[in-house]
Amino acid sequence: MLRATLKGMASRKARLVLTSLAVVLGTMFVAAAMILTATMEKSVTGVIADAFTDIDAVVTSAEDPAAAQGNTPGATLIPGDVLATVEGLDGVDTASGDVSGQVNAIGDDGKLVGAFAPTIGFNWNDADPGLNEIRDGRSPEADDEVIVSAQFVTDSGLGLGDTVTAYSYTADRADYEIVGVFGLSGDRDSLAGETQMGFTTAAAQRLLTQGEDAYMAIYVKGDASTDAIADAVGADYRVQTGQEASDEAAQGFAVVADIMGYIFLGFGLVAVFVSVFLIINTFTIIVAQRQRELALLRAIGAARGQVVNSVLAEAAVIGVIASILGLGLGVLLGWGLASLVSSTAMGGLPVTLQVPATALWALAVGIGVTVLSALIPAVKASGVPPVAAMREAVNPPKPLRGITIAGLAVTAAGGVLVALGLTDNLGDLGLGGFLTGVGIAFVGITLLTPILSRPLVALLGSVMSWSFSGRLGKLNAGRNPRRTAITASALMIAVALVTGIATLVSSFKATTEELTDSNLNSDLIVMGQQGANIPTFAPETLAEIKALPDVAAVGDLYADFMGPEVDGEATPLFASEDLATSLEIFSGTVAEGSVADLPENGLAVNESAAEDRGVALGDSVEVAFTDGTTVQLQVTAILDDSQLTDGWWVSPAQIQHFTVPKPMQAYIQVTDGADVDAVEAEVDTILADEPEVSVTDNNEFVEQQTSQLDVLLASVQILLALAIIIAIIGVVNTLVLSVLERTRELGLLRAIGMTRGQARRMITVESVIICLFGAVLGITVGIGLGWTVQQALEEEGLTSFALPWALIVGYLVAAVAVGLLAAIAPAARAAKLNVLGAIAYE
């Protein structure tokens, strides 16, 4: 039986190559995801380890260890006398204080350098530069000098000898002369796309520690033990070995690498799932075509188990070969993806290829999926009676009652979970139960595709059945509903996922537009793009805008997200110089009390937030600001719930305690009859010296808020392209095998007058109908998924439902194009059949 199986495979090379390709692609992506994760973790860990190579101990604040990772306003710092204490310990060769954190720098275009990747300021240390290597110029010697990274030069447009303006959350702007340019070891310009600026210690402290002689960390070299250092500095500080500090610093990067790996793994598993349909279809058709051959084997004594083993052996051989090839290609793809991430987002980080043991799971997935997918066709093959060897192989479509009932039951079960989730009746299951319901319903709909194929194929085919070839193509597409459904389901899954995500993106855009149109009573908006920093501008600039003659009113927003607390619970705080005017512009209303002239100890809060905290009008709450100030404030107003005004609002007198006591946004109403464009130009002139913000109208505001979603959607489409490619291979495979299965039928058609062109058109119509069926079903399911999730998120603010019409039309057009491409090889094969040979074919 094994020899017969291998000889049979050798005679069907083309169809097996197409089947193997699906397994190769799925396995490749799964392996690449695991290799990408391991490679990025190893590469980043290696670089961080290099930075701590000569460091024997690290001292940080025990209260806020994260302070060593950057400028955290309000974080506990290490006083200079602690550094002096460490320097005086026996066994300490050197102890250097680190001052580092995020700063803002203005490039040659007048805007912030690195809006989406931070600019890190630090105190340059000639005695211990770490990974830094001076490429040009020298290190800073005066407090008005700076050395910048090569990435900074690229992003800012500034270079050696130029003057750059820098500032921070706690320090005003100052000018610095660029006296040097440095890079990182390994000829890199940055570690992860960031820009860097090295100052003298005094200049760095002015920017990052409010001028205090204080540090974020102390790096120690020498033989002194960590216990001795800990005893000397006291319990307020944490002492780690260099290795411990290196491992902790690498953890944050490892999380990012894990997230990237999980994303690629998810899309890889989708591709594997799609390939299941291709494999099932291929083996089902092969078994049907080999019915007479299998019957002969049964007639000469082959047991049913041997027939099953024969089909599974064929699947196992395909799975092993394809999975090994997929693993090899996955290694190359993982290395390539890691190199791409390194060059585009990690500043040219040296890539150390890692092939973890977990990558072998890709082999298990590929082989297991192939064998399991062939199991049902194998069992069917074993049921071929020996008498079938004495007659023509006729395989009428099986009844759809069983699979339809199963599909309805599964869909109903998923629908119940979804309905319970939408009505908040899932209890502890919560979101997990809801998403499980969505997945179950998705599987149920997939099971219903055979029964749906008959009416949909007939409907879609009616558009193309105006000719003899078109009518035959329509009939061929609908003659085997199961086969058509399985082929189309592979395409449906990918299209449904993209359409579902696109529907959510469109709904978010529609919600933003509706919120802006119905609730935001402004003509112009001053704000910045949220990125590595929180964009703000000077209060004096806000005053200039308010003073413009054609400005009727201005609503302003101050915010502090960095750690204020209300009654001991972390709570973002908001403020406005004129809360009554701001509420009017935001369409906010007061339920109780008043916001007019909010007193110094006054507080306004929306109803839901007040109810959650158990406070009412007149109650007092304790508010702790990040600058250490603690005050008792009284609730003097309760606001009606509104997306634009929900939160805790303090009086203008408390703005001074905010982490950044500057306005973040301004919403401008122009006077009746004024030229909005002219006012926008005047505001733009006022903002010439404000690099973090710009002025836009409401339409541009909506585009800014939703632009990142378009990038997300494009990324999803690119990643799901693999599943779509596998689906296309499935269509090609099905058509090729169908042509082989219908060889005699095609020969008879040619014998009675069908031309080669008509044969090509018949196969092409069949291909287009199958692809359109998959696309239409996928779009419909995707819209359903998008609507379901939107409904679940309605209470979270996603109030509008909108369809991505452009994408829907695009996918329908693409389905036709895919159908045309997929039909090229099968149609050419059908057209080239030898008429006499085809008639005699068995």
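What counts, and at which threshold
- Residues numbered from 1 in each chain as written.
- Predicted model: local features only at pLDDT ≥ 70, side-chain atom pairs only at ≥ 80, totals over all residues.
- Heavy atoms only, no water.
- Helix = DSSP H or I, 4+ residues; strand = E, 2+ residues; numbered from the N terminus.
- Buried < 20%, exposed > 50% of the residue type's maximum accessible area, 1.4 Å probe, protein only.
- Contact = heavy atoms within 4.5 Å.
- Areas by Shrake-Rupley, 256 points an atom, 1.4 Å probe, with all protein chains shown as cover.
- Axes fitted to C-alpha atoms, helices over the stretch in contact; angles between N-to-C directions.
- Left-handed = near helix turned anticlockwise from the far one by under 90°.
- Nonpolar A, V, L, I, M, F, W, Y, C, P; charged D, E, K, R; others polar.
- Phe/Tyr/Trp six-rings, centres within 6.5 Å; stacked < 30°, edge-to-face > 60°.
- Lys NZ or Arg CZ within 6 Å of the ring centre and 35° of its normal.
- Expected span 1.5 Å × (residues − 1).
- Patch = residues over 30% accessible without salt bridge, like charges linked within 9 Å, V, L, I, M, F, W, Y side chains within 5 Å.
- Salt bridge = Lys/Arg side-chain N within 4 Å of Asp/Glu carboxyl O.
- pLDDT = per-residue confidence, 0-100.
- Pairing = 2+ DSSP bridges.
- Lys, Arg positive; Asp, Glu negative; His and termini not counted.
- Charge placed at Lys NZ, Arg CZ, Asp CG, Glu CD.
- Core = buried A, V, L, I, M, F, W, Y, C linked by side-chain atoms within 4.5 Å.

Chemist: Sorry if this is basic, but what is going on with the overall build of the protein chain here?
Modeler: For the protein chain, the helix and strand inventory stands at 25 helices and 25 strands. The burial tally for the protein chain puts 51% of its 842 residues in the buried class. Within the protein chain, counting contacts between residues at least 6 apart in sequence, those at least 24 apart form 82% of the total. Carbon and sulfur atoms form 59% of the exposed surface of the protein chain, whose accessible area is close to 36,100 Å².

Chemist: Looking at this model, I keep getting lost on the packing of helix α22 (residues 756-792) against helix α24 (residues 824-831). Mind explaining?
Modeler: Geometry of a packed helix pair, given as the angle between the helix axes and the separation of the axes. Following both chains from N to C, one finds α22 and α24 inclined at 145°, their axes separated by 8 Å at the closest point. Between α22 and α24 the crossing geometry is right-handed. Between α22 and α24, the residues in contact are Arg-756, Ala-759, Arg-760, Ile-763 and Thr-764 and Pro-826, Ala-827, Ala-830 and Ala-831, respectively. Taken together, the residues of the contact of α22 with α24 sort by class into six nonpolar, one polar and two charged.

Chemist: Looking at this model, I keep getting lost on the packing of aromatic side chains. Mind explaining?
Modeler: Note on aromatic pairs: each is described by the distance of the centres and the angle between the planes. Throughout the structure, instances matching the rule amount to eight aromatic pairs. Where Phe-122 meets Trp-124, the ring centres are 6.1 Å apart and the plane angle is 35°; that geometry is what we call tilted. Here Phe-122 and Trp-124 have matching classes, each one buried. Between Phe-122 and Phe-182, the ring centres sit 6.0 Å apart and the planes meet at 90°, which makes this aromatic pair edge-to-face. One end of the pair, Phe-122, is in strand β5 (residues 119-123); the other, Phe-182, is in strand β9 (residues 174-184), with 60 residues separating them in the sequence. For the pair Phe-122 and Phe-182, a shared accessibility class is recorded, and that class is buried. The ring of Tyr-167 carries the charged tip of Arg-173 above its face, separated from the ring centre by 5.3 Å.

Chemist: Where do I start with helix α13 (residues 449-464) in this structure?
Modeler: Side chains that are three or four residues apart share a direction in an α-helix, a result of its 3.6 residues per turn. Between its terminal C-alpha atoms α13 stretches 21 Å, which fits the 22 Å expected from 16 residues at 1.5 Å a residue. For α13, the full list of buried residues reads Thr-449, Pro-450, Ser-453, Val-457, Leu-460, Gly-461 and Met-464.

Chemist: What's the story with a nonpolar patch on the surface in this structure? I'm lost.
Modeler: Together, Val-255, Ile-259 and Ile-263 make up a nonpolar patch on the protein surface, roughly 260 Å² of accessible area in all. On the accessibility criterion, Ile-259 (46% relative accessible area) is partly exposed.

Chemist: Which parts of the structure should I look at to understand the environment of Leu-269?
Modeler: Structurally, Leu-269 is set in helix α7 (residues 242-289). The class for Leu-269 is partly exposed, based on a relative accessible area of 41%. Expressed as a C-alpha distance, the spacing of Leu-269 and Gly-26, which sit 243 residues apart in the sequence, is 7.0 Å.

Chemist: Would you mind showing me how to read the confidence of the model for the protein chain here?
Modeler: The predicted coordinates of low-pLDDT regions are not to be read in fine detail. With 90% of its residues at a pLDDT of at least 70, the protein chain reaches an overall mean of 83. Averaged pLDDT values over the elements of the protein chain bottom out at 58 in helix α1 (residues 2-10) and peak at 95 in strand β7 (residues 145-149). In the predicted structure, residues 65-74 sits below a pLDDT of 50 and forms 25 contacts with residues beyond four places in sequence or in another chain.

Chemist: What's the story with the sheet that holds strand β12 (residues 217-222) in this structure? I'm lost.
Modeler: Strands pair in a sheet through their backbones, by hydrogen bonds, and they do so in one of two ways: parallel or antiparallel. In space, the four strands of this open sheet follow the order β3-β12-β1-β13, with antiparallel pairing throughout. Edge positions in the sheet fall to β3 (92-98) and β13 (237-241), since each has one partner strand and no second. Sheet twist, expressed as the average angle between the axes of neighbouring strands with direction ignored, equals 20°. Pairing of β3 with β12, which is carried by six bridges, proceeds in the antiparallel orientation. Its bridge partner lying in β12, Thr-94 is registered against Lys-221. Running over the sheet, helix α3 (residues 80-87) touches β3, β12 and β13 and is turned about 165° from β3. In the packing of helix α6 (residues 226-233) onto the sheet, the strands contacted are β1 (57-61), β12 and β13, and the crossing angle to β13 comes to about 170°.

Chemist: Just to check I follow, could you spell out the pairing of strand β4 (residues 100-106) for this structure?
Modeler: Within a regular strand, the side chains alternate between the two sheet faces. With seven of its seven residues buried, β4 lies for the most part within the structure. The sheet contact formed by β4 and β5 spans four bridges and is antiparallel. Within β5, the residue paired with Val-103 across the bridge is Thr-119. Examined bridge by bridge, β4 and strand β8 (residues 163-167) share three bridges and lie antiparallel to one another. Bridged to Ile-106 within β8 is Thr-165.

Chemist: Got a minute to help me understand a negative patch on the surface in this structure?
Modeler: On the surface, Glu-592, Glu-607, Glu-611, Asp-612, Asp-641 and Asp-646 cluster together to form a negatively charged patch. For the negative patch, the element with the highest residue contribution is helix α18 (residues 607-613), accounting for three residues. If you trace the backbone, Glu-592 turns up in strand β19 (residues 590-593). Its relative accessible area of 40% is what places Glu-592 among the partly exposed residues.

Chemist: How should I be thinking about the pattern of salt bridges in this particular structure?
Modeler: For side chains of opposite charge, pairing can occur when their charged atoms come near one another. Under the definition given, this model contains nine salt bridges. In this structure, the salt-bridge partner of Asp-689 is Arg-173, at a minimum N-O distance of 3.2 Å. Pair noted here: Asp-689 is in the loop between α19 (676-686) and β25 (694-697) and Arg-173 is in the loop between β8 and β9, with a separation of 516 residues, a long-range link. Glu-577 serves as the salt-bridge partner of Lys-546, at 2.9 Å between the closest nitrogen and oxygen. Highlighted residues: Lys-546 in helix α16 (residues 539-546) and Glu-577 in the loop between β18 (573-575) and α17 (579-585), separated in sequence by 31 residues.

Chemist: It is not clear to me how the environment of Arg-471 should be interpreted in this structure. Could you clarify?
Modeler: For Arg-471, the position within the fold is in helix α14 (residues 468-478). Judged by relative accessible area, which is 42%, Arg-471 ranks as partly exposed. When the C-alpha positions of Arg-471 and Glu-766 are compared, they lie 9.5 Å apart, and in sequence the two are 295 residues distant. Other than its neighbours up to four places away in sequence, Arg-471 contacts Ser-465 and Trp-466.

Chemist: I tried to follow the nonpolar core on my own but got confused; where do I start?
Modeler: The nonpolar side chains of soluble globular proteins are, as a tendency, buried together. By size, the foremost hydrophobic cluster in this structure holds 67 residues, and its most contacted members are Phe-264, Val-274, Phe-442, Ile-493, Val-498, Ile-726 and Tyr-811. Ranked by residues supplied to this core, first place goes to helix α20 (residues 698-741) with 14 residues. Every residue in contact with Phe-442, bar those within four places of it in the chain, is listed here: Met-492, Ile-493, Ala-496, Val-781 and Leu-785. Among the nonpolar cores identified, the runner-up in size contains 39 residues, and Ala-57, Val-59, Val-146 and Ala-166 belong to it.

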